[in-house]
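Chain residues, written in single-letter form:
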Amino acid sequence: MRTAPTPTRISRRKPENAGASDAYTLPKSRSKRHNPGTVLTRSSACILSKAAPTPPIVWLSRRHRQSRSPKGMLSRLLATVLWLLHFLPLPVLAGIGNGLGAALFALARRRRHIVLVNLRLCFPELAEPQRERLAKAHFKVLSRSMLERGLLWWAAPERLQRLTRVEGEERLRLLLDAGRPVLMLAPHFVGLDVGGVAIAMRHDSASIYAVQSDPLFDRLLYRGRRRFGDQLLLSRQESVRASVKAMKSGRPLYYLPDMDLGSRDSIFVPFFGVPAATVPGLSRLARLAGATVVPVVTRLLPGGEGYVVTIGEPWQDFPTHDVAADTRRMNAWIEAAVRTMPEQYYWVHRRFKTRPAGEPRPY
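Residues numbered from 1 in each chain as written. Predicted model: local features only at pLDDT ≥ 70, side-chain atom pairs only at ≥ 80, totals over all residues. Heavy atoms only, no water.

Student: Describe the overall build of the protein chain, and please don't skip the residues or the numbers.
Tutor: Secondary structure assignment for the protein chain yields 14 helices and nine strands. In the protein chain, which comprises 363 residues, the share counted as buried stands at 55%. On the protein chain, roughly 16500 Å² of surface is accessible, and the fraction owed to carbon and sulfur atoms is 57%. (Helix = DSSP H or I, 4+ residues; strand = E, 2+ residues; numbered from the N terminus. Buried < 20%, exposed > 50% of the residue type's maximum accessible area, 1.4 Å probe, protein only. Areas by Shrake-Rupley, 256 points an atom, 1.4 Å probe, with all protein chains shown as cover.)

Written as structure tokens, this is what we have:
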């Protein structure tokens, strides 16, 4: 029987990128009461993962009522809208997402600036109108991913199976059947949550959970991540030891290492030719667990046709004894994947905010 680490209470403090990244430091506690973002034992997890999805208004009214502040009421309204939208056919929902994305491109000046700076750094060969068109396309797929998350939280499993095509699953299954620890490299494409759910519907896996600042969406995200099977969610503070243990016990780890988390524990390696602060965790975790790295990329299909989750070929000759070289290889692979669908990478993140000494910040 697999065992989970000691339950850990997660701090409510949220760093800048918690909405996108799954990794930041979380303090420990001895409390065993469920708290979103907590590592749960198998027995307690079953209660949550097997529970039927509940409309957010009903759920809040009987157990998790937020404050009656305007922010709390807005959160409940948004959650209810997501719940209602998930009943729509995916092409209709995708159309609404595209419309929302066009509006956000016009209204979200700060995020639009970040996206355009990222695209200027990564695609200097493109003319400014081309980068602007790419930015508009990015806001559309980003908005789609936000609205379509309701499907992951509440849609029937049969519907999710119909909408999601998984390619290369036999590669993952062969490794797990052979008893090999598996480390899944999942770059920050907008469809990564779909990929995580697709894996969870087929395998008991592990991932790192970041607490959200909004209590309602924290609970919705947490329950959504645990909805299928027996999923293990880990805090970053204990993620190294617990992640290695999980992989060695037969759980593939869904790992997202491609965000700027600051200078601590990061090294500068090129990303699109620009030095980028990158956590070298892929190399270190693979070495500690003796794990095989398997890339996983999820694509949102146009027109609401569904999703494609591609499980790539296992990496050979990885890791090496050179952590920096391994991390350069990871970034080069992600860069190549981004070039196949550049609008679907998570460009609203300030990927180049941490700079080498003496170099100005681009944002």
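The discussion continues.
Student: Describe in detail the nonpolar core, supporting the description with residues and values.
Tutor: Membership of the largest hydrophobic core comes to 75 residues, with the highest contact counts inside it found for Leu151, Leu183, Tyr255, Leu282, Val293 and Trp347. Top element by residues in this core is helix α6 (residues 128-147). It accounts for six residues. With sequence-adjacent residues up to four places away left out, leucine 282 is seen in contact with Leu183, Leu185, Tyr255, Val293, Trp315, Phe318 and Met330. Counting residues in hydrophobic clusters, the runner-up holds 16 residues, among them Val166, Leu172, Leu175 and Leu176. (Core = buried A, V, L, I, M, F, W, Y, C linked by side-chain atoms within 4.5 Å. Contact = heavy atoms within 4.5 Å.)

Student: Could you give me a rundown of the environment of leucine 90, with the residues and numbers involved?
Tutor: Tracing the backbone through its elements, the reader meets leucine 90 in helix α4 (residues 90-107). Taking the C-alpha atoms as reference points, leucine 90 and glycine 304, 214 residues apart in sequence, are found 5.1 Å from one another. Once residues lying within four places of it in the same chain are set aside, the contact partners of leucine 90 are Glu148, Leu151, Arg159, Leu163, Gly304, Gly306 and Tyr307.

Student: Give a detailed account of the pattern of salt bridges, specifying residues and quantitative values.
Tutor: Taken as a whole and judged by the stated rule, the model has 13 salt bridges. A salt bridge links aspartate 230 to arginine 251, with the shortest nitrogen-to-oxygen separation between them at 3.1 Å. Here aspartate 230, found in the loop between α11 (215-225) and β4 (232-234), pairs with arginine 251, found in the loop between α12 (239-248) and β5 (253-255); they are 21 residues apart in sequence, far enough to count as distant. The same class applies to aspartate 230 and to arginine 251, which are both buried. Linked through salt bridges whose partners overlap, the residues forming this network are Glu125, Glu335 and Arg339. (Salt bridge = Lys/Arg side-chain N within 4 Å of Asp/Glu carboxyl O.)

Student: Go over the environment of phenylalanine 189, please, and point to the residues and values.
Tutor: Tracing the chain through its elements places phenylalanine 189 in the loop between β2 (182-185) and α10 (192-200). A C-alpha to C-alpha distance of 9.4 Å links phenylalanine 189 and leucine 300, two positions 111 residues apart in sequence. If we ignore the near neighbours within four places in the chain, the residues touching phenylalanine 189 are Val297, Thr298, Ala337, Val338, Met341, Gln344 and Tyr345.

Student: Could you give me a rundown of the environment of lysine 140, with the residues and numbers involved?
Tutor: For lysine 140, the position within the fold is in helix α6. In this structure lysine 140 comes out as partly exposed when scored by relative accessible area, which is 35%. A sequence separation of 39 residues divides lysine 140 from glycine 101, and the C-alpha atoms of the two residues are 4.0 Å apart. When sequence neighbours within four positions are dropped, the list of residues in contact with lysine 140 reads Gly97, Asn98, Gly101 and Ala102.

Student: Quick rundown of the packing of aromatic side chains? Include the residues and the values.
Tutor: This structure, assessed with the given rule, holds 15 aromatic pairs. Taken together, a centroid distance of 5.5 Å and an interplanar angle of 90° make the contact between tryptophan 153 and tryptophan 154 edge-to-face. The residues tryptophan 153 and tryptophan 154 share a single accessibility class, namely buried. The cationic tip of arginine 112 hangs over the ring face of phenylalanine 105; the distance from NZ or CZ to the ring centre is 5.7 Å. Across the ring face of phenylalanine 271, the terminal group of arginine 351 is positioned such that the distance to the ring centre comes to 5.6 Å. (Phe/Tyr/Trp six-rings, centres within 6.5 Å; stacked < 30°, edge-to-face > 60°. Lys NZ or Arg CZ within 6 Å of the ring centre and 35° of its normal.)

Student: Explain the packing of helix α13 (residues 281-289) against helix α14 (residues 323-340) to me, using residue names and the numbers behind them.
Tutor: Orientation of α13 relative to α14, taken along the N-to-C sense of each, is 115°, at an axis distance of 8 Å. Here Leu282, Ser283, Arg284 and Arg287 of α13 come into contact with α14, specifically with Val323, Asp326 and Met330. Per-class residue counts for the contact of α13 with α14 are three nonpolar, one polar and three charged. (Axes fitted to C-alpha atoms, helices over the stretch in contact; angles between N-to-C directions. Nonpolar A, V, L, I, M, F, W, Y, C, P; charged D, E, K, R; others polar.)

Student: Kindly report on the sheet that holds strand β9 (residues 307-311), identifying the contributing residues and their values.
Tutor: One open sheet accounts for seven strands, arranged β1-β9-β8-β2-β5-β3-β4; its pairing is mixed. Looking at which strands have only one partner, the edges of the open sheet turn out to be β1 (164-167) and β4. When strand polarity is set aside, the average angle formed by the axes of neighbouring strands in this sheet is 25°. Here β2 runs beside strand β8 (residues 292-300); their pairing, made up of four bridges, is parallel. Bridge assignment links valine 182 to a residue of β8, and that residue is threonine 292. Relative to β9, α10 is tilted by about 70°, and along the sheet it contacts β1, β2, β5, β8 and β9. (Pairing = 2+ DSSP bridges.)

Student: Can you lay out the confidence of the model for the protein chain for me, pointing to particular residues and giving the numbers?
Tutor: This prediction gives the protein chain a mean pLDDT of 86; 81% of its residues lie at or above 70. When the criterion is pLDDT under 50, residues 1-52 qualifies, and its contacts beyond four places in sequence or with other chains add up to 130 contacts. (pLDDT = per-residue confidence, 0-100.)

Student: Could you give an account of the pairing of β8, with specific residues and numbers?
Tutor: Taken across its nine residues, β8 has eight buried, putting it largely inside the fold. Bridging between β8 and β9 involves five bridges; their strand directions are antiparallel. Opposite valine 297, over in β9, you have threonine 310 as the bridge partner. Two successive antiparallel strands, β8 and β9, enclose a turn made up of six residues, where glycine 303 displays a positive phi of approximately 70°.

Student: Residues and numbers for the side chain of histidine 203, please.
Tutor: Mapped onto the elements of the fold, histidine 203 is located in the loop between α10 and β3 (206-208). With residues near it in sequence (within four places) discarded, histidine 203 still touches Glu169, Leu172, Arg173, Leu176, Gln231 and Pro252.

Student: Summarise a nonpolar patch on the surface; cite the residues concerned and give the values.
Tutor: Among the surface-exposed residues, Leu74, Leu77, Leu78 and Val81 lie close enough to one another that they form a single nonpolar patch of about 350 Å² accessible area. Along the chain, leucine 74 turns up in helix α3 (residues 70-85). For leucine 74, a relative accessible area of 46% gives the class partly exposed. (Patch = residues over 30% accessible without salt bridge, like charges linked within 9 Å, V, L, I, M, F, W, Y side chains within 5 Å.)

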